[in-house]
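If you want the building blocks of each chain, they are given just below.
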Amino acid sequence: MKKQILAGFMAVLLGASLAGCGAKSGSASADSDVDYIKGKKTLIVGITDFAPMDYKDDDGNWIGFDADMAKKVAEDLGVEAQFVEIDWDNKILELNNKSIDVVWNGMTLIDEVKNSMECTNAYCNNAQVVVLPKDKADQYKDAESMKSLHFAVEAGSAGEDAAKANGFDYTALTAQADTLMEISAGTSDASIIDLLMAGAMIGDGTDYPDLTHTLELTTEEYGVGCRKGSDLAAYINDEFKKYYADGTMQKIAEKYGVQDALVEQK
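Calculation criteria
- Residues numbered from 1 in each chain as written.
- Predicted model: local features only at pLDDT ≥ 70, side-chain atom pairs only at ≥ 80, totals over all residues.
- Heavy atoms only, no water.
- Helix = DSSP H or I, 4+ residues; strand = E, 2+ residues; numbered from the N terminus.
- Buried < 20%, exposed > 50% of the residue type's maximum accessible area, 1.4 Å probe, protein only.
- Areas by Shrake-Rupley, 256 points an atom, 1.4 Å probe, with all protein chains shown as cover.
- 1 Å grid on protein atoms, 1.4 Å probe; cavity = no way out; pocket = protein on both sides within 12 Å on 5 of 7 lines; lining within 4 Å.
- Points joined across faces, edges and corners; volume = space filled by probe spheres on them.
- Nonpolar A, V, L, I, M, F, W, Y, C, P; charged D, E, K, R; others polar.
- Core = buried A, V, L, I, M, F, W, Y, C linked by side-chain atoms within 4.5 Å.
- Lys, Arg positive; Asp, Glu negative; His and termini not counted.
- Salt bridge = Lys/Arg side-chain N within 4 Å of Asp/Glu carboxyl O.
- Polar contact = N/O pair within 3.5 Å; in protein donor to acceptor, adjacent residues only side chain to side chain.
- Contact = heavy atoms within 4.5 Å.
- Phe/Tyr/Trp six-rings, centres within 6.5 Å; stacked < 30°, edge-to-face > 60°.
- Lys NZ or Arg CZ within 6 Å of the ring centre and 35° of its normal.
- Pairing = 2+ DSSP bridges.
- Expected span 1.5 Å × (residues − 1).
- Arc of directions from axis to C-beta.

1. Concerning the overall build of the protein chain
1) Next: Counting secondary structure elements, the protein chain contains eleven helices and eleven strands.
2) Next: Within the protein chain, buried positions represent 48% of all 266 residues.
3) Next: Of the roughly 13,100 Å² that the protein chain leaves accessible, carbon and sulfur atoms contribute 49%.

2. Topic: the layout of surface pockets
Over the atoms rolls a probe the size of a water molecule, and its path tells where empty space is left.
1) Next: For the largest pocket, the calculated volume is near 210 Å³.
2) Next: In this structure, the largest pocket is lined by Asp49, Ala51, Tyr55, Lys56, Ala177, Ala200, Met201, Thr206, Asp207 and Tyr208.
3) Next: For the lining of the largest pocket, the elements supplying multiple residues, two or more each, are strand S2 (55-56) and helix H9 (195-201).
4) Next: Split into classes, the residues belonging to the lining of the largest pocket amount to six nonpolar, one polar and three charged.

3. Describing the nonpolar core
1) Next: Formed by 53 residues in total, the largest nonpolar core has its most connected members in Phe65, Val102, Trp104, Tyr123, Leu232 and Ile236.
2) Next: At seven residues, helix H4 (residues 65-77) tops the list of elements feeding residues into this core.

4. Re the side chain of Glu220
1) Next: In this structure, Glu220 sits in strand S11 (residues 211-226).
2) Next: Buried charge without a salt bridge: Glu220, with Lys91 as the nearest opposite-charge side chain at an N-O distance of 11 Å.
3) Next: Of note is the side chain of Glu220, whose polar atom sits 2.8 Å from the side chain of Gln128.
4) Next: Leaving out residues up to four positions away in the same chain, Glu220 has contacts with Thr108, Cys124, Asn125, Asn126, Ala127, Gln128, Ala158 and Asp194.

5. Comments concerning the packing of aromatic side chains
1) Next: Following the criterion strictly, the structure yields seven aromatic pairs and no others.
2) Next: Their ring planes at 10° and their centres at 4.4 Å tell us that Phe151 and Phe168 sit as a pair that is stacked. One end of the pair, Phe151, is in strand S8 (residues 150-154); the other, Phe168, is in the loop between helix H7 (158-165) and strand S9 (169-173), and 17 residues separate them in sequence.
3) Next: Overall, Phe151 belongs to the buried group, its relative accessible area being 0%.
4) Next: Cluster of aromatic residues (ring-pair linked, three or more members): Phe50, Phe65, Trp104, Tyr123, Tyr222 and Phe240.
5) Next: The ring of Tyr36 is capped by Lys98, whose NZ or CZ atom sits 4.1 Å from the centre of that ring.

6. A few points about the side chain of Arg227
1) Next: Structurally, Arg227 is set in the loop between S11 and helix H10 (232-246).
2) Next: Looking at Arg227, the relative accessible area reads 9%, which means it is buried.
3) Next: Other than its neighbours up to four places away in sequence, Arg227 contacts Asp33, Tyr36, Leu95, Asn96, Lys98, Ile100, Asp101 and Glu118.

7. Section: unusual backbone geometry
1) Next: Cis rather than trans, the peptide bond between Ala51 and Pro52 has omega equal to 5°.
2) Next: Residue placement: Pro52 occurs in the loop between strand S1 (42-47) and S2.
3) Next: The phi torsion at Lys41 lies on the positive side, around 70°, for a residue other than glycine.
4) Next: What makes Lys41 exposed here is its relative accessible area of 53%.

8. Observations concerning the pairing of strand S7 (residues 124-133)
1) Next: In terms of residue burial, S7 counts as a mostly covered element, since nine of its ten residues are buried.
2) Next: In terms of strand pairing, S7 meets S11 through nine bridges, oriented antiparallel. Among the inter-strand pairings, Cys124 is bridged to a residue of S11, identified as Tyr222.
3) Next: As paired elements, S7 and strand S10 (residues 190-194) share four bridges and run antiparallel to each other. Its bridge partner lying in S10, Val130 is registered against Ile192.

9. Considering H10
1) Next: With 15 residues, H10 should cover 21 Å at 1.5 Å per step; its first-to-last C-alpha distance of 21 Å lies within 8% of that length.
2) Next: Looking only at H10, the buried set comprises Leu232, Ala233, Ile236, Asn237, Glu239, Phe240 and Tyr243. Along the axis of H10, the buried residues cluster in a sector spanning 165°; they form a single face.
3) Next: Gly247 occupies a position one or two residues after H10 and carries a positive phi of about 90°.

Take a look at the structure:
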């Protein structure tokens, strides 16, 4: 009788062990970000207010080149794209905490980003440019002459990196758009922002007609950031290739005036 009880107990243990092994072997699917996103039916996109990449229309909906591309990818995944404004300086933390699924906001592919995230291939070219009042632009032709100025930059951005690299005095703010307000208010002399944003937000016909961009401090490329090791980056790369080949990417780019910045997707 004791032997029968012992045999039964060992059978239960063996069954539990096999069940555990079965669960472990199925964990590859659980580790897939693509499956995770499909399962929860949402692609949560981390952004800042950054025209022409991500910004709100008159009805409060997020639009822009990056926003429209993210919506297209979400549609192909069979999920809904949800946009969440983040503190750009905390983008890596937000991603790792799964508060967001991607950072998709004209993100420059610098070493810190590439080491901390699984990044897509580059999809747009860009530069960091100095923005000044039009009536003062002729006074500052190079980086050396600009060292007397006080700059406004976005915290954690390529603009802040450019300010540091050139030894500029600066204040770090939450968003690039805020840096333009600083110049307009007279609390900063200049700012450093993305060339694509400058093209959309300053000059004639914009809210900042008295501002202009001058010196290009850097050249760079944009990419989308996913969690380190995520299979989502490869999925988005395949989507980029498809959209580039069928003209979808070009069409969306033309809508927001960034077609000349597109990087060919091979």
